Each structure stands twice: as C-alpha cells, then as structure tokens.
Amino acid sequence: MIDPKKQAEIVHKSLKKRYRKEKRFRAYGILAITIALASLIVLFADIINKGHTGFLKTTITLDVEMNAETMYLEDPTDPDAVRMADFVEPLIQSLSEILPEATEEDRGKLRGLINPYASSQLRDELVANPDWMGTTQTITFLAHSNVDVYNKHKGNEAYSIKLSEEQQQYVDKLRDKGVIETSFNDVFFTSGDSRDPARAGVLGAIVGSLLVMFVTLVLSFPIGVAAAIYLEEFAPRNRITDFIEVNINNLAAVPSIIFGLLGLAVFINLFGMPRSVPFVGGLVLTLMTLPTIIISSRAAIKSVPPSIREAAEGVGASKMQVVLHHVLPLAMPGMLTGSIIGMAQALGETAPLLLIGMVAFIVEIPEGFFDAATVLPVQVFLWAGSPELAFIERASAAIMVLLAFLLSMNALAIWLRKRLERRW
C-alpha cells in the first residue's frame, strides 16, 4: 500500500510540472503574438514613414507677366498662334525677378525648378482667360519633382538629391520668401497616372478598382450563394456532388495567376474581349472569388440549427419556403461576411490582372466598364518598379490608400455580421 503522504507528494510534483508546462505554453503564445504585432507595427511604420510625404505637394507661386513680345503671342484666341507661343519664358523671367543674383547663364538652372507641365498650365489659363493678356497674374504651379524631393527630404540620406548646389540655394531662398510652399496634395486624389511624379495620382486606379469590384460583386455573390444553397440543401449526395465539392475546395487553393491565365485564354483569346478593361478584370476576379464565397456560404448554411428547418416543415412549409424564408435569412450574415472578405482579397490581387493587360499606362480616368483602366495594386506595382524616388514615395502613399480600403471592407464585414446576426 502506497503511503498517502508519498502519493500526495507525487501528485503535487506532477501538478507543478503541468503548471510549468502551461506557463511555458502561455509564454510561447504571448511571444508569438508579440512578434506578430511587432512585425505589423514595423511594416506599417515603414509604409507610413515612406508614404506620408506622398500626401504633400510642393508648389511655386509666381507673378507672371502676360507680355505679348516675351510670349510671341498677339491673340490668345488664335489656336495656331497659341501653338507657336513661348509659355516658358514668362515663368523664367518671373523667377529671375525674385532671384536677381541668377545670371543669364543660370536660366537653365531656373528652368529646372519649374514643373515641365507648368507651361501647359499657363497656356490653358491664358486660353480660358484671354483678357489676361497684357496683365500680371499670380498663378500657383507644381514644382519640379526634383524640387519636391529636395523640399521634403532635405538631409535624408535615403533620398538622392538631383539638384545642383546652386539650385538648392535657389530653392532655400524661394522657400524663405514664401514662393515655394508645401501643402496637401490634392493632385494625388484628383488625377490619373503621369510620367511626372508630381502630377501622378490614384484617382484612375481607384475608379478602375471600384468598377472591377462592382462587376465581381454583381456576378460572384448571387452565383456563389445560389451554388451554396443548391449544394447544401437540394443536391443529392452522390459521386458527382462529391466531385464538385472537392474541386471547389481545390479551386480555393489555386494560385491567383492561374485564373489570370484562364481569363487570358478564354475571355480575351477565345471570346475576343478587349484587354485592360474593368469588365474582363471583374470576370477574372469572379472566377477567383467564387470558391471562397461558396465555401463560406455553405458554412453559414450549415450553422443554422436543424430545429429551424424541422419547425418550418412542421407547419407545412415547402422545401423552398424553408430555405428562402428561414435558412437564408439566418445564414445571410455569414454569407455577407465571407463575400466581403473574398472581395477584399480580390481587391488586393495583382497577378491575374497583369495577364489580361491591366498593367498598361493609363492617364485618363475610366468612365465605363469597357474603358482602359488599371487598379490600385497594379498602380503600386508600376510605381514601385520606377527608378525615380518620387514614384517610390507615391507607391507607399498608394499602399496606404489600398490598406484603408481593405481595412474598411473588413470593418464593414464585422459590422454587418454583428448588425444582422440573429441568436437562437
């Protein structure tokens, strides 16, 4: 017979050992969460550090004299005369008046401070207001992208300053005089892509993403929900339905680029649909999103208690009435949640859209489903591959916009689930 004291001592040691294991397990869990959160914080901090300046722009405000002799323009209403006029010289003269120390040999350096599209802006302003001819007008222009980089990142060794020492001195003097200013970059949200980083914006990519997401939602949600209802409530249990279920699960794990190849082969090569349009992009993302929506919808339907079905059938409801009036309303929160998460995944996809041509350089804002367009992830991909540092800054800012969309969609999914969830 074992001594009760020894038995109690053995049990006590065993409990101590188990408690130590439990503490280690908890510590490992806390450590894993800490590492994950730290990695996430570092990632977000890096993106914000690189991208927050993308929401700022550098402008130059000049008093421009609309001199006919300087501009070689007599009549601003004559298109041919406007085409032959010189709209750069008035800008350089205005800078020369502010910087009297600049010599004639420095005119090229002064020109390097002005955005290449400033002359086009001056031309459009004068054509829209021909009565400005012979007057002096105060106009604000975007600064050159090199000036923008220097103004926002002076002293940061990570950014290569392409301005000469004299140009840097000119920029410092213009900034001290209030000619060069930094303000919120509304151009980033009101324009499409551009070869000039200072004029590049995400509006075209945002509109393209919304059009693609609309096509994806309209097609994938009803088809996915209908397929889930049929497979879960009406389909007979046989080899055919088992084969379909296995393939749906397999499709959910297929790399997204495969769906891009499928879209290229079927929609573009076989059906002759145009490249780089939101409608084709929506079709491709629909194929990619359908397995996720079907799986999540089936899980939501399975979560409805059998007692709901039995009670409805007990009062004489048909199979269709049971599904539409009782099962579907209770499963809808889970369906919506899965669908929104699937849409968020589709919003961040790049690979399938590259294969159908949505990697093209798109300047114009798309106005319809068959206009050439790009999407936010592809826009980030294009800017991140650019050798100019100003585009890297824009890419980080675009990532922040994309993350804001993704977080909003996930927050919407959580809100809808809480708002529509019914307890039984």
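Residues numbered from 1 in each chain as written. Predicted model: local features only at pLDDT ≥ 70, side-chain atom pairs only at ≥ 80, totals over all residues. Heavy atoms only, no water.

Observations concerning the sheet that holds strand E2 (residues 136–142)
Quick reminder of the rule: In short, DSSP must find at least two bridges between two strands for them to pair. What counts as a helix is a DSSP run of H or I of at least four residues, what counts as a strand is a run of E of at least two, and both are numbered from the N terminus. Note on geometry: axes are lines fitted to C-alpha atoms, helical ones only across the stretch in contact, with angles between N-to-C directions running from 0 to 180 degrees. Two residues qualify as a contact provided that any one of their heavy atoms is within 4.5 Å of a heavy atom in the partner residue.
Strand order across the open sheet formed by three strands is E2-E1-E3, with antiparallel pairing between neighbours. For this open sheet the edge positions go to E2 and strand E3 (180–184), each flanked by a neighbour on one side alone. Put simply, the sheet's adjacent strands are angled 35° from each other on average, direction ignored. As paired elements, strand E1 (residues 56–65) and E2 share seven bridges and run antiparallel to each other. The residue bridging Thr-59 from the neighbouring strand is Leu-142, located in E2. Taken strand by strand, helix H6 (residues 118–128) contacts E1 and E2, and its axis lies near 140° from that of E2.

Comments concerning the environment of Phe-55
Where we set the bar: Burial status follows relative accessibility: with a 1.4 Å probe on protein chains alone, a residue under 20% of its type maximum counts as buried, one over 50% as exposed, and anything between as partly exposed.
Mapped onto the fold, Phe-55 is located in the loop between helix H1 (4–51) and E1. When its relative accessible area of 16% is taken as the criterion, Phe-55 is described as buried.

A word on the packing of helix H15 (residues 319–347) against helix H18 (residues 389–420)
Using the following cut-off: The labels follow the angle: roughly parallel below 35 degrees, roughly antiparallel above 145, roughly perpendicular from 65 to 115, and oblique for the rest. Note on residue categories: nonpolar means Ala, Val, Leu, Ile, Met, Phe, Trp, Tyr, Cys or Pro, charged means Asp, Glu, Lys or Arg, and polar means any other residue, Gly included.
Direction vectors running N to C along H15 and H18 enclose 175°, while the axes themselves pass 8 Å from each other. Accordingly, the angle class assigned to the pair H15 and H18 is roughly antiparallel. On the side of H15, the interface is formed by Pro-333, Gly-334, Leu-336, Thr-337, Ile-340, Ile-341, Met-343, Ala-344 and Leu-347, while H18 contributes Leu-402, Phe-405, Leu-406, Met-409, Asn-410, Leu-412, Ala-413, Leu-416, Arg-417 and Leu-420. Taken together, the residues of the contact of H15 with H18 sort by class into 15 nonpolar, three polar and one charged.

Overview of the domain arrangement of the protein chain
To keep things clear, this is the line we draw: The start and end points of each domain follow an automatic or database-based domain assignment. Buried area: the sum, over both parts, of the accessible surface (1.4 Å probe) that disappears when the two are put together. The working definition used for a salt bridge is a side-chain nitrogen of Lys or Arg within 4 Å of a carboxyl oxygen of Asp or Glu. Polar contact criterion, stated in full: a pair of N or O atoms within 3.5 Å, where within protein one must be able to donate a hydrogen and the other to accept it, and residues adjacent in sequence count only if both atoms are side-chain atoms.
Here the domain parsing of the protein chain yields domain 1 (57–183) and domain 2 (203–420). One C-alpha centre belongs to domain 1, the other to domain 2, and the line joining them spans 47 Å. Taking both sides of the interface into account, the surface hidden between domain 1 and domain 2 amounts to around 470 Å²; carbon and sulfur atoms contribute 50%. Linking domain 1 with domain 2 are two salt bridges, by the criterion used here. In this structure, Lys-152 engages Glu-393 in a salt bridge whose closest nitrogen and oxygen atoms are separated by 3.0 Å. Counting across the interface, domain 1 meets domain 2 through two residue pairs in polar contact (both at pLDDT 80 or more). The residue makeup of the side of domain 1 that touches domain 2, split by class, is three nonpolar, three polar and two charged.

A closer look at helix H17 (residues 376–384)
Leu-376, Pro-377, Val-378, Gln-379, Val-380 and Trp-383 are the residues of H17 that are buried. Those residues of H17 that are buried lie in contact with helix H9 (187–190), helix H10 (203–234), H15, helix H16 (351–355) and H18.

Side note on helix H11 (residues 239–251)
The criterion, for reference: The span you would expect from a helix comes to 1.5 Å times its residue count less one. Arc definition: it is the arc formed by the directions from the helix axis to the C-beta atoms.
Between its first and last C-alpha, H11 extends 18 Å over 13 residues, near the 18 Å set by a 1.5 Å rise per residue. Inspection of H11 places Thr-241, Glu-245 and Ile-248 among the buried residues, and these make up the whole buried set. Buried residues along H11 cover an arc of 60° about the axis, so they all sit on one side. Those residues of H11 that are exposed and angled more than 90 degrees off the buried face are Arg-239, Ile-240 and Phe-243. Those residues of H11 that are buried are in contact with H10 and helix H13 (278–302). N-capping of H11 is provided by Asn-238, with a side-chain oxygen placed 3.1 Å from the backbone N of Ile-240.

Topic: the pattern of salt bridges
Under the counting rule described, the total for this entry stands at 18 salt bridges. A salt bridge links Lys-50 to Asp-46; its shortest N-O distance comes to 3.7 Å. Of this pair, Lys-50 and Asp-46 are both found in helix H1, four residues apart, which corresponds to roughly one turn of the helix. Judged by its relative accessible area of 37%, Lys-50 falls in the partly exposed class. According to the relative accessible area criterion, Asp-46 is partly exposed, its value standing at 35%. The network of salt bridges with common partners includes Asp-148, Lys-152, Glu-393 and Arg-394.

Considerations on the side chain of His-153
Inspection of the secondary structure assignment puts His-153 in helix H7 (residues 145–153). Here the side chain of His-153 touches Glu-393 through a polar contact of 2.6 Å, side chain to side chain. The contact partners of His-153, leaving out residues within four places of it in the chain, are Thr-53, Tyr-159, Ile-161 and Glu-393.

Some details on the nonpolar core
To keep things clear, this is the line we draw: We define a nonpolar core as any set of buried Ala, Val, Leu, Ile, Met, Phe, Trp, Tyr and Cys residues linked to one another through side-chain atoms lying within 4.5 Å.
Phe-188 and Trp-383 are the most contacted members of the largest nonpolar core, which totals 43 residues. Looking at this core, the elements that each hand over two or more residues are H10, helix H12 (256–270), H13, H15, H17 and H18. Trp-383 has contacts with Phe-188, Asp-193, Ala-200, Gly-201, Val-202, Phe-391, Ile-392, Arg-394, Ala-395 and Ala-398, leaving out every residue within four places of it along the chain. Among the nonpolar cores identified, the runner-up in size contains 35 residues, and Leu-113, Phe-141, Tyr-150 and Leu-174 belong to it.

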